[in-house]
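# Structural description and commentary
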Amino acid sequence: MPSKQNLVVIGNGMAGARAVEEILARGGRDLFNITMFGDEPYGNYNRILLSNVLNGSQEESEIFLNPLEWYRENGIILHVGVYAESILRRSKCVLGCDGTIEPYDKLIVATGSQSFVPPLEGLTLPDGRYKPGVFVFRTLDDCREIAEYARGRGRAAVIGGGLLGLEAARGLQNFGVKVDVIQFAPYLMNQQLDPQAAAILKTIMERMGVGVLLGKNTTAVLGEEAVSGLRFADDTSLGCDMVVIAAGIKPNAEIAARCGLSVQRAILVDNQMRSIDDPEIYAVGECAQHRGNVYGLVAPLWEQAKVLADHITGHKPDAAYHGSKIATKLKVMGVEVAAMGITEAADERDEIVQFTEPKKGTYKKLIIRDGHLAGAILLGDISKAAYLMQAFDRGTPLPEDRLSLLFDIGAPAKQVTVQELPPDAQICNCNGVNKAAILACVNGGCHSPKAVMEKTRAGMGCGSCKSMVTEIVEWACDGKLEEDPSVHYYVPGVPLTKPDLIKACREQNLKSVSAVFQVLAGGKEDAASKPGLASLLNTIWAGEYVDERDARFINDRVHANIQKDGTFSVIPQIPGGVTTPDQLRRIADAAEKYNAPMVKLTGGQRIDILGIKKEDLPNIWRDLDMPSGYAYAKRYRTCKSCVGTDLCRFGVGDSTSLAIKIEQHLQGIDAPAKLKLATAGCPRNCSEAMVKDVGAVAVEGGRWEIYVGGAAGSHVRKGDVLCVVDSHEDVLKYTARFIQYYRENAKYLERTYGFVERIGIEKIRSVIVGDSEGIASRLDDAINESIAAYKDPWKEAYNPVTPNQFSSLLPVLQ
Amino acid sequence: MTVVAPLSAIPAGEGRTFLVSGKRIAVFRTRSDEVFATQADCPHKAGPLADGLLGGTTLVCPLHSWKWDLASGEPLMASCPLETYPVHLDSEERIVLTLNSE
């Protein structure tokens, strides 16, 4: 066996460590004695996640990739905290700042980059150190110092409106400081976005309390002994207690330049990632310049590290790097962004496909050249990102139907999508994990998304691919999936599934939310679990339920729907959408009397009086003298209807009186999620009954088709036919029985469309119609008990149930 | 110091907003009868915090479910803390509050 060569790596960041990992994976331990220089006093960590450490969403310990033991285990000598001072090419060795001399046969320069700091007046103290309050954001130590300084400060400025600057701003907000982002360019993230997308992002950021100053050239840092503000070229200034500079990066190529290697912006390398001047010296990552490009993102770095390893180990002597197409998927200030390629059309041959909905923060733009994707920007909704990034990366031709590139219209089920991805499709762009690696991990015995993510690191970067990784693992496990038990709890604060929780409540006679916490959750109250428990206990105990009002969401405490300004919307019951001139007059009078800023017809065929003050609620209810329409609760809401047989020339069934009967039967019934019903007098479906939680559609011959599990909200689904019956009475019977089954078995907030898909319509039909479990009459009795317990909550206008129930502002005693 | 109200003015596990020296203050009573006081409006979108859900000393804003610990005002799922005010019960079970400026 030939003796081993000395491989020295300068830099222990993401590029250096990754290159070494790739070399080890190709048997590098038998070929080389590996020595690394790292000037930070740690093992190797994921720099991309520093912003998470700053904003508190991850601990420092979570971002380490390779702890110090890893180096020992792999026989690597790591000079921790030692800065490599110079490369002596003639004697082939590297000098460390502590006097270390390491001879090399092969050398990898992976020195990365540093923050680019513009030459600002007043940046430093006379001794050359940064003025207290001035920071860059590059290393774990920077992150710690920023965090320490930010506590208790009033205001911070971030110079740089690129990705890093925005992440720094987000992190700083966490310390309660008011943050302003100063951007030199005329719009934010000008590397990845176009002005239109950037404008939407700016609005979102401002809504989150971050100030954005565009086109501002910072010239000076103000303050004698510490930062007190910034001055700009237009002679304006901004007061701040600290400033974080995130204005770009500068490759660390000095050490290479000093030993005579060709350096422009960074070290010039060939297709094997070798310096163009010295075949024994490689460069990788942000310090390397390949065909004019210097990449500051992680995905190209992974590709470079692979080529370098293939070549240096002789694994694939003809391996070559041909540059990377840059596609990024990230989360900025909580907004999902995917961007790739060019951001503007280059000439009129380029076709632009664009969709914008600024109010929702959604923006999509594709630039298509000769049928291929040349660039794309997705903001807010990035559901199509995986497909587009792949089409971009591979240069595959795009389908003619451009609409389907922006939206999932009639798209195949997600599983098919996951199944159809080719094995080499990169799923995690932070850690460079492809579908094949995830499958291999599942086949190797990891049967939960969590285990796979920990093992492969897929999803452990920015986290944006977690749902996709989960889907692939679920699909690959094919029934052998092991899950975290808490996903099965009915509510997060009580460690029981819904059937177990119901059983425990019945057996131990738990009739109030506080009793459940006391007995089943170790006395620990969980705010988010309260409304779900209240709903379930009401279902279990009906009239015996001990109603604790603090367990209710505000809407259910005051029987109205809270609006963004703290006022409420009032929707009286109008069964079947049939009203009278007298009711309309009362509604009109009430709207005027209580200064309602808006009166609106709802989608459920009712009338919404908006903008009512909390203290006016009992008064308006008294004036209206109509029952509550329950348009604020996880309960039966409404049953809309078409005109039916009375006047319509097509109607084959009396849908209107059926809708009124349904409403009077089921009014106020609580459920895991809201219930919206409809009846239609003929299959023309004017009242959209086929896309309701429950819908009854009249068909010729005096019969009614009952649809369940329909939806036409954020999710669109045509309901499944539960059964066909021939009387109003049977519609009522099966509707009520289905709803009771749903009440007892659905997860909290699970709408019927999810419930029906989860349980399966065949199973539901056999239980509800065929009585396959012998529970039909029990279900009927149970819902009848709840129906009997119905009380119009608006009667609380006459006797409030809690002190100051409807007060929005109370005076003090003295 | 301001005598805000008798403890019974606030139902257990809920909050109410009071006008204290011209300033709106949210006062909460937990189910174990501890009292807390914070700024009245959510720092996010000015939601009425007194209308929020309580779990122990955790407060959830009714508009977008931002969360804080009432005892410290520290954010649990939010990007900034709440202003809190010292508040206690006197011998007559009345809620007594001190504005920070007093």
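Residues numbered from 1 in each chain as written. Chains lettered and ligands numbered in written order. Predicted model: local features only at pLDDT ≥ 70, side-chain atom pairs only at ≥ 80, totals over all residues. Heavy atoms only, no water.

## Points about the overall build of chain B
This is how it is decided: Secondary structure elements follow DSSP: runs of H or I of four or more residues count as helices, runs of E of two or more count as strands, with numbering from the N terminus. The cut-offs for exposure are 20% and 50% of the maximum accessible area for each residue type, with area from a 1.4 Å probe on protein chains only; residues under the lower value are buried, those over the upper are exposed, and the others partly exposed. Contacts are assigned to residue pairs with any non-hydrogen atoms lying within 4.5 Å of each other.
A tally of regular secondary structure across chain B gives 0 helices and 11 strands. N-terminal to C-terminal, the α/β element order of chain B is β-β-β-β-β-β-β-β-β-β-β. In chain B, buried positions account for 58% of the 102 residues. Taking all contacts inside chain B whose residues are at least 6 apart in sequence as the whole, residues at least 24 apart take part in 35%.

## A short note on the overall build of chain A
A tally of helices and strands in chain A yields 26 helices and 41 strands. Within chain A, the proportion of its 814 residues that are buried is 53%. When contacts within chain A are restricted to residue pairs at least 6 apart in sequence, long-range pairs at least 24 apart make up 62% of them.

## Points about the side chain of T35(A)
All names here are of chain A. Structurally, T35 is set in strand 2 (residues 32–38). When its relative accessible area of 5% is taken as the criterion, T35 is described as buried. Excluding residues within four positions of it along the chain, T35 makes contact with L7, V8, V9, I77, H79 and E102.

## Concerning the pairing of strand 3 (residues 23–29) of chain B
Residues and elements named next belong to chain B. Keep this limit in mind: Following DSSP output, two strands are said to pair if at least two bridges run between them.
Across the 7 residues that make up strand 3, a large majority, 5, are buried. As defined by bridge partners, strand 2 (residues 14–20) adjoins strand 3 across 7 bridges and the pair is classed as antiparallel. Paired with V20 across the strands is K23, a residue of strand 3. Examined bridge by bridge, strand 3 and strand 4 (residues 35–39) share 5 bridges and lie antiparallel to one another. The residue of strand 4 that forms the bridge with R29 is V35. The turn joining strand 3 and strand 4, which pair antiparallel and follow one another in sequence, is formed by 5 residues; a positive phi near 65° is taken by D33.

## Quick look at the pattern of salt bridges
Residue and element names in this part refer to chain A. The line we're drawing: By definition here, a salt bridge exists when the distance from a side-chain nitrogen of Lys or Arg to a carboxyl oxygen of Asp or Glu is within 4 Å.
For the structure shown, the criterion picks out 52 salt bridges over all chains. Measuring nitrogen to oxygen at the nearest pair gives 2.8 Å for the salt bridge that ties K365 to D194. Note that K365 is positioned in strand 26 (residues 362–369) and D194 in the loop between strand 13 (178–182) and helix 7 (195–207), a separation of 171 residues in sequence. Between K763 and E773 there is a salt bridge, and its shortest N-O distance comes to 3.7 Å. Here E773 lies in the loop between helix 25 (761–768) and helix 26 (776–788) and K763 lies in helix 25, a separation of 10 residues in the sequence. Under the relative-accessibility criterion, K763 is labelled partly exposed at 37%. Put simply, R18, E22, R26 and D310 are held in one network by salt bridges that share partners.

## Some points on a positive patch on the surface
Here is the rule: A patch consists of residues whose relative accessible area exceeds 30% and which take part in no salt bridge; residues with like charges are grouped when within 9 Å of each other, and nonpolar side chains (Val, Leu, Ile, Met, Phe, Trp, Tyr) when within 5 Å. The protein chains shown are the only cover counted for residues, whose accessible areas, like all others here, come from Shrake-Rupley with a 1.4 Å probe. In this charge count, Lys and Arg are treated as positive and Asp and Glu as negative; neither His nor the chain ends contribute. Each charge is placed at NZ for Lys, CZ for Arg, CG for Asp and CD for Glu.
Positive charge collects at one region of the surface, where R207(A), K359(A), K564(A) and K45(B) lie side by side. Locating K45(B) in the fold gives a position in the loop between strand 4 and strand 5 (53–55).

## So, the packing of aromatic side chains
Residue and element names in this part refer to chain A. Rules: Note on aromatic contacts: the rings of Phe and Tyr and the six-membered ring of Trp form a pair at centre separations within 6.5 Å, being stacked when their planes are under 30 degrees apart, edge-to-face when over 60 apart, and tilted otherwise. Two conditions define a charge sitting above a ring: the NZ of Lys or the CZ of Arg must be within 6 Å of the ring centre, and it must be within 35 degrees of the ring normal.
Summed over the entire model, instances satisfying the criterion amount to 14 aromatic pairs over all chains. Relative to F806, the ring of W621 lies with its centre 5.4 Å away and its plane at 85°, an arrangement referred to as edge-to-face. Here W621 is found in helix 21 (residues 617–624), whereas its partner F806 is found in the loop between helix 26 and strand 41 (810–811), with 185 residues between them in sequence. By relative accessible area, which is 7% here, F806 ends up buried. Centroid distance Y630 to Y632: 5.7 Å. Interplanar angle 35°. Geometry classified as tilted. A connected cluster of aromatic rings, assembled from ring pairs, spans F738, Y741, Y742 and F755. In this structure, K511 is placed above the aromatic ring of W541, and the distance from its NZ or CZ to the ring centre is 4.8 Å. Here the guanidinium or amino end of R684 rests over the ring plane of F650, the centre of that ring lying 3.8 Å away.

## Side note on helix 25 of chain A
All names here are of chain A. Selection rule: Working note: the arc is built from the helix axis to C-beta atom directions.
All of the buried residues in helix 25 are I761, I764, V767 and I768. Seen end-on, helix 25 carries its buried residues on one side only, within an arc spanning 130°. Where helix 25 is buried, its residues contact strand 37 (703–708), strand 40 (720–725), helix 23 (728–745), helix 24 (752–759) and helix 26.

## With respect to the side chain of R743(A)
All names here are of chain A. Heads up, the condition is: Identification of polar contacts relies on pairs of N or O atoms within 3.5 Å, with a donor-acceptor requirement for protein atoms, meaning one able to donate a hydrogen and the other able to accept it, and with residues adjacent in sequence counted only if both atoms are side-chain atoms.
By the secondary structure assignment, R743 is in helix 23. A distance of 2.8 Å separates a polar atom in the side chain of R743 from a polar atom in the side chain of Q740. R743 has contacts with K498, N538, T539, I669, D670, A671, P672, I783 and S786, leaving out every residue within four places of it along the chain.

## Remarks on the interface of chain A and chain B
Here is the rule we go by: Amino acid classes used here: Ala, Val, Leu, Ile, Met, Phe, Trp, Tyr, Cys and Pro are nonpolar; Asp, Glu, Lys and Arg are charged; the rest, including Gly, are polar.
Between chain A and chain B, the residue contacts involve 35 residues of the former and 36 residues of the latter. The tally of links from chain A across to chain B stands at 4 salt bridges. The partner of E14(B) in a salt bridge is R557(A), and the shortest N-O contact between them spans 3.7 Å. Applying the counting criterion to the chain A and chain B interface returns 14 residue pairs in polar contact (both at pLDDT 80 or more). Its residues assigned to classes, the side of chain A that touches chain B comprises 13 nonpolar, 11 polar and 11 charged. Note: strand 41 of chain A against strand 2 of chain B, 2 bridges, orientation parallel. When the sheet's bridge partners are listed, P811(A) is paired in strand 2 of chain B with L19(B).

## Notes on the sheet that holds strand 10 (residues 87–89) of chain B
All names here are of chain B. Which entries qualify depends on this criterion: To obtain an axis, a line is fitted to C-alpha atoms, over the contacting stretch when the element is a helix, and the angle between two such axes runs from 0 to 180 degrees between their N-to-C directions.
Read across the open sheet, the 3 strands follow the order 1-11-10; overall the sheet is antiparallel. Each edge of the open sheet carries a strand with a single partner, namely strand 1 (2–6) and strand 10. Recorded for the sheet is a direction-independent mean angle of 25° between the axes of neighbouring strands. As paired strands, strand 10 and strand 11 (residues 94–97) are joined by 3 bridges and run antiparallel to one another. In the sheet register, V87 faces strand 11, and the bridge partner there is L97.

## Description of the sheet that holds strand 5 of chain B
All names here are of chain B. Read from one edge to the other, the open sheet built from 4 strands follows the order 5-6-7-8, with strand pairing classed as antiparallel. The outermost strands of the open sheet, each flanked by one partner alone, are strand 5 and strand 8 (75–77). For this sheet the average axis-to-axis angle between neighbouring strands, irrespective of direction, equals 25°. Examined bridge by bridge, strand 6 (residues 58–60) and strand 7 (residues 67–69) share 3 bridges and lie antiparallel to one another. Note on strand 7: the bridge partner recorded for V60 is K67.

## Digging into the nonpolar core
Residues and elements named next belong to chain A. Inclusion rule: Nonpolar cores are built from buried Ala, Val, Leu, Ile, Met, Phe, Trp, Tyr and Cys residues. Side-chain atoms within 4.5 Å join them into one set.
Ranked by internal contacts, the top residues of the largest apolar core, which has 54 residues, are I34, I87, L107 and I108. Ranked by the residues each element gives to this core, the list is headed by helix 9 (residues 298–312), at 8 residues. Here L107 is in contact with L7, V8, I10, I87, V94, E280, I281 and Y282, once residues within four sequence places are set aside. L50, C143, I146 and Y187 belong to the second largest nonpolar core, which has 48 residues in total.

## Quick notes on the confidence of the model for chain B
Residue and element names in this part refer to chain B. The test is simple: As a per-residue measure, pLDDT tells how confident the predictor is, with possible values from 0 to 100.
The share of residues in chain B with pLDDT of 70 or more is 97%, and the mean pLDDT across the chain is 92. Looking over chain B, one finds the lowest element-wise mean pLDDT in strand 8, namely 83, and the highest in strand 4, namely 97. Across the predicted assembly, pTM comes out at 0.53 and ipTM at 0.96.

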